[in-house]
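Structural overview
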Amino acid sequence: MADTHQNFPTLKNDRILKAARGEPVDKIPVWVMRQAGRYLPEFQAFRKEHDFFEICQTPKLACEITLMPIRRYDLDAAIIFSDILVIPQALGMEVIMKPTVGPVLPEPLKEPSDLDKLNTTDVVSRLKYVGEAITLTRTNLEGKVPLIGFAGAPWTIMSYMIEGGGSKTMANSKKWFYKYPEESRKLLKIITDATIDYLVMQIKSGAQLIQVFESHCEYLSLDLFNTFVAPTLQQISSAIRSQGFKDIPLILFCKGGLFCLKEQTKLGYDVLGIDWTVNPNMAREIVGPNITLQGNLDPVALHAPPAQIEKLTKSMKNAFGNERYIANLGHGIYPDAPTDAVQSFINAVHNA
Ligand code: 1CP
């Protein structure tokens, strides 16, 4: 299926699309996970005036924040401002964004019978605002860089829905796999189906790449990953492809996912993100030549002096090589990252 919005401005920088497809690039493309967020003073100022989900649900505001890092830095992609937790919200759960604490779901799923409370009919109809924000942002980007759409992966979303917020062990949600395997599959299917419709809607609205965030991968065993999680990730990529979107690069980022990196290569994604704990040479050996790697500077390295950031970034680039590589941090940028360090990082990717 062709782009449903033929009237978007012509794209002037397609480095990231080329790298995702394994085509040669003039410079290595770079973006930063969570680039439109808490470390930016202009975002913090915005947050004083608006509630988090009010911003997500108001296309003009979401667009404005998406463009903040693009105005400030020489990035090669924008990522639409939203959050992975809009899916539990659209399934009928309350989500509160508590400043300095993070997301809280006051009534988490406690037992399988709680699944009956979820509103699973036409979930995507309650997420139209994200599509509208994407369409508006594509227009306002004026073709400067491509726009990434995203969603949380089903296991990561399931864990938030059961834990009710952050957790050190994810023990409550993992318990479901051991105690209620069938109901776990049922919950994962509800989330996966909603996520597929949601990502297809984002693509139809103008998203030019898609990233799936499996931020809680690190808590799984290989057995749990293979049994419960891998099928959901595979279903997402297959459904997007079978609905006609063959050319939209799909990125999978499994935080802490070295233990299942080989398995990730079989799930239908063009790009695999790796965190900072993974040696780039080892990752390349595991994934082979036909997948693009994304990553993986330690987000905390942004606290080093500029010359050191440049050195670390250079050595990261050398390890990954110029082909099939998208530079990024090894996880989302932290709220206390110095803004100048981001520019040093980007310069080092592009020029050093
Ligand atoms: O530039 C961007 O990427 C902004 C859009 C974005 C994205 C891609 C936000 C805005 N959140 C996310 C993804 C997201 N949200 C993930 C996956 C990436 C990751 O692993 O970091 C996860 C796990 C969440 C859940 C979440 N939302 C948390 C907990 C994890 C964490 O970062 O500590 C928190 C604190 C949020 C709130 C949130 N989401 C986004 C922002 C800017 C904020 C801060 C909220 C505020 O202003 O109070």
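Look above for the structure.
Keep in mind that this is a model prediction, so the values were computed, not measured. (Residues numbered from 1 in each chain as written. Predicted model: local features only at pLDDT ≥ 70, side-chain atom pairs only at ≥ 80, totals over all residues. Heavy atoms only, no water.)

**A closer look at the overall build of the protein chain**
Put simply, the rule reads: In DSSP terms, a helix is any run of H or I states spanning at least four residues, a strand is any run of E spanning at least two, and both are numbered starting from the N terminus. The size measure is the radius of gyration over C-alpha atoms, and the globule rule it meets is 2.2 Å times the number of residues to the 0.38 power. To measure how exposed things are, a 1.4 Å probe is used in the Shrake-Rupley method; for residues, cover is taken only from the protein chains shown.
Across its full length, the protein chain holds 14 helices and nine strands. For a compact globule of 352 residues, the expected C-alpha radius of gyration is about 20 Å, and the protein chain comes in at 19 Å, within 12% of that figure. Along the first, second and third principal axes, the C-alpha atoms of the protein chain reach 55 × 45 × 40 Å. When the accessible surface of the protein chain is split by element, carbon and sulfur atoms take 51% of a total near 14600 Å².

**Let's talk about the pattern of salt bridges**
As a reminder, the rule being used: Salt bridge, as used here, is a side-chain nitrogen of Lys or Arg placed within 4 Å of a carboxyl oxygen of Asp or Glu. Residue exposure (1.4 Å probe, protein chains only): buried if accessible area is under 20% of the type maximum, exposed if over 50%, otherwise partly exposed.
Under the definition given, this model contains ten salt bridges. For Asp114, the salt bridge identified is with Lys117, shortest N-O distance 3.1 Å. Judged by its relative accessible area of 65%, Lys117 falls in the exposed class. The residue Asp193 makes a salt bridge to Lys189 at a minimum N-O spacing of 2.7 Å. Here the residue Asp193 and the residue Lys189 both occupy positions in helix α9 (residues 181-205), the gap between them amounting to four residues, near one helical turn. Salt bridges linked by common partners bring Arg15, Asp26 and Asp76 together as one network.

**Some points on the site of the ligand**
Heads up, the condition is: The criterion for a residue being near a molecule or strand is simple. One of its heavy atoms has to lie within 4 Å of it. For this analysis, a polar contact is any N or O atom pair within 3.5 Å, provided that within protein one partner can donate a hydrogen and the other can accept it, and provided that sequence-adjacent residues contribute only side-chain to side-chain pairs.
Looking at the ligand, there are 21 residues lining it, with Ala36, Arg47, Asp83, Ser215 and His331 nearest. Interatomic distance of 2.5 Å between a backbone N/O atom of Ala36 and an oxygen atom of the ligand. Burial of the ligand by the protein amounts to 88% of the accessible area it has alone, namely 840 Å². When residues of the shell around the ligand are traced back to their parent elements, those giving at least two are α2 (41-49) and β3 (102-104).

**Here we look at the packing of aromatic side chains**
Put simply, the rule reads: Under the pairing criterion, centres of Phe, Tyr and Trp rings, with the six-membered ring standing for Trp, must be within 6.5 Å; the plane angle then separates stacked pairs below 30 degrees from edge-to-face pairs above 60, leaving the rest tilted.
This model, assessed by the stated rule, comprises nine aromatic pairs. One aromatic cluster in this structure is built from Phe43, Phe52, Phe53 and Phe81.

**Quick notes on the packing of helix α7 (residues 154-163) against α9**
Just so we agree on the cut-off: Only C-alpha atoms enter the line fits that serve as axes; for helices the fit covers just the stretch in contact. Angles between N-to-C directions range over 0 to 180 degrees. Our angle categories are set so that under 35 degrees counts as roughly parallel, over 145 as roughly antiparallel, 65 to 115 as roughly perpendicular, and the remainder as oblique. By convention the crossing between two helices is left-handed if the near helix lies anticlockwise of the far one by an angle smaller than a right angle, and right-handed if it lies clockwise. We call two residues in contact whenever any of their non-hydrogen atoms come within 4.5 Å of each other. Under the scheme applied, nonpolar residues are Ala, Val, Leu, Ile, Met, Phe, Trp, Tyr, Cys and Pro; charged residues are Asp, Glu, Lys and Arg; polar residues are all the others, including Gly.
Across the interface, α7 lies against α9 with an axial gap of 9 Å and an inter-helix angle of 115°. Here α7 is positioned roughly perpendicular relative to α9, judged by the angle of their axes. Like other packed secondary-structure pairs, α7 and α9 cross with a definite hand, here right-handed. Taken together, the residues of α9 that come into contact with α7 (itself represented by Pro154, Trp155, Ile157, Met158, Met161 and Ile162) are Ser184, Leu187, Leu188, Ile191 and Thr192. Of the residues contributing to the contact of α7 with α9, the split by class is nine nonpolar, two polar and no charged.

**Comments concerning the pairing of strand β8 (residues 292-297)**
Stated formally: Here a strand pair is declared whenever DSSP counts at least two bridges between the two strands. When the strands point away from the viewer and the path from the first strand over the helix to the second turns clockwise, the crossover is right-handed.
β8 sits mainly inside the fold: six of its six residues count as buried. Pairing of strand β7 (residues 271-273) with β8, which is carried by three bridges, proceeds in the parallel orientation. Across the sheet, Gly273 pairs through a bridge with Gln294, a residue of β8. For the crossover that starts at β7, traverses helix α12 (residues 280-287) and ends in the parallel β8, the hand is right-handed. For β8 and strand β9 (residues 325-329), the ladder comprises five bridges, and the chain directions are parallel. Its bridge partner lying in β9, Leu293 is registered against Tyr325. Between β8 and its parallel partner β9, the chain crosses via helix α13 (residues 306-320), and the hand of that crossover is right-handed.

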